[in-house]
Amino acid sequence: MINMIRISAAVILIVGAGLVHGAWTNRWGPSPALAALAKRVESVPMVIGDWKATAFEVGPGGRAMAGASACLSRVYTNPGRGVSISVLLLGGLPGKISTHTPDVCYPAAGYTLDSPTPYDYRYGGDGRRRAGFRTAVATRGGTNPSILRIFWGWNASKGWAAPEEPRWEFGPEPTLCKLYVIRETAGAVVDPGGDPCNDFLSVFLPELDRLVFSTPK
């Protein structure tokens, strides 16, 4: 009897783990929540305030690797300031969207990434809305040098956050979005609070709240 109880308990654990993994990986078929998320991401305008966008392509292979059912990939430029910001917004199941952070991806592309640090960004008319990000500087030397300021964070329709263990933090959520905001510094690196990306985030995040996450003001 004791052995049977142990075997039954083990079977329950295995089946339970399989169901959780199946939900995380969308094994049981396309999720209506993912389809709805993709439509909301597509509704983000190409012109936001003084920032005008051009799209760049993320191929099917790249989207599949990232687990992205929704994808916004653009460069927003403010002609008056002469500043361009690359934006990548990916949406999908938490299992993959929570991984592939810059400290893994950028070294593989030849960059050296300094230690990521938390960045607390306040926005909205009264500054009451909070976005938790991580930020780092990525540097590449050689014949094609580049120095990038990168901000990144996740949103499961509960606000932007960048926990140390996103896979476990967001695992139970039905959908998850990851945002990268990247600026080529041309060697002029400033502290995160003074980076021009802040000006872009001040108009971009409210649009995402309104169109993608329906976050109350």
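Before any of the text, the structure's been laid out above.
Residues numbered from 1 in each chain as written. Predicted model: local features only at pLDDT ≥ 70, side-chain atom pairs only at ≥ 80, totals over all residues. Heavy atoms only, no water.

Asks: Let's hear about the overall build of the chain: which residues, and what values?
Replies: From N to C terminus, the chain includes seven helices and 10 strands. Across the chain, contacts joining residues at least 24 apart in sequence account for 62% of those joining residues at least 6 apart. If you sum the accessible surface of the chain, you get close to 11500 Å²; carbon and sulfur atoms cover 60% of it. (Helix = DSSP H or I, 4+ residues; strand = E, 2+ residues; numbered from the N terminus. Contact = heavy atoms within 4.5 Å. Areas by Shrake-Rupley, 256 points an atom, 1.4 Å probe, with all protein chains shown as cover.)

Asks: Account for helix 7 (residues 197–213), with residues named and values stated.
Replies: Compared with the 24 Å implied by 1.5 Å per residue over 17 residues, the 21 Å span of helix 7 between its first and last C-alpha is markedly short. Residue V203 marks the point of greatest curvature in helix 7, where the axis turns by about 30°; the proline P206 follows within four residues. Burial runs high along helix 7: 12 of the 17 residues are buried. Within helix 7, burial applies to C197, N198, F200, L201, F204, L205, E207, L208, D209, L211, V212 and F213. Phi for S214, located one or two positions after helix 7, is positive at around 50°. (Expected span 1.5 Å × (residues − 1). Bend = angle between axes of the 7 residues up to and from the residue. Buried < 20%, exposed > 50% of the residue type's maximum accessible area, 1.4 Å probe, protein only.)

Asks: Which residues make up the pairing of strand 2 (residues 51–55), and what are the values?
Replies: As defined by bridge partners, strand 1 (residues 47–48) adjoins strand 2 across two bridges and the pair is classed as antiparallel. Residue pairing in the sheet places V47 in a bridge with K52 of strand 2. Counting the residues that bridge the hairpin from strand 1 to strand 2 gives two residues, and of these G49 lies at a positive phi of roughly 60°. Bridge count between strand 2 and strand 3 (residues 68–78): four bridges; the pairing is antiparallel. Across the sheet, residue K52 finds its bridge partner in strand 3, namely T77. (Pairing = 2+ DSSP bridges.)

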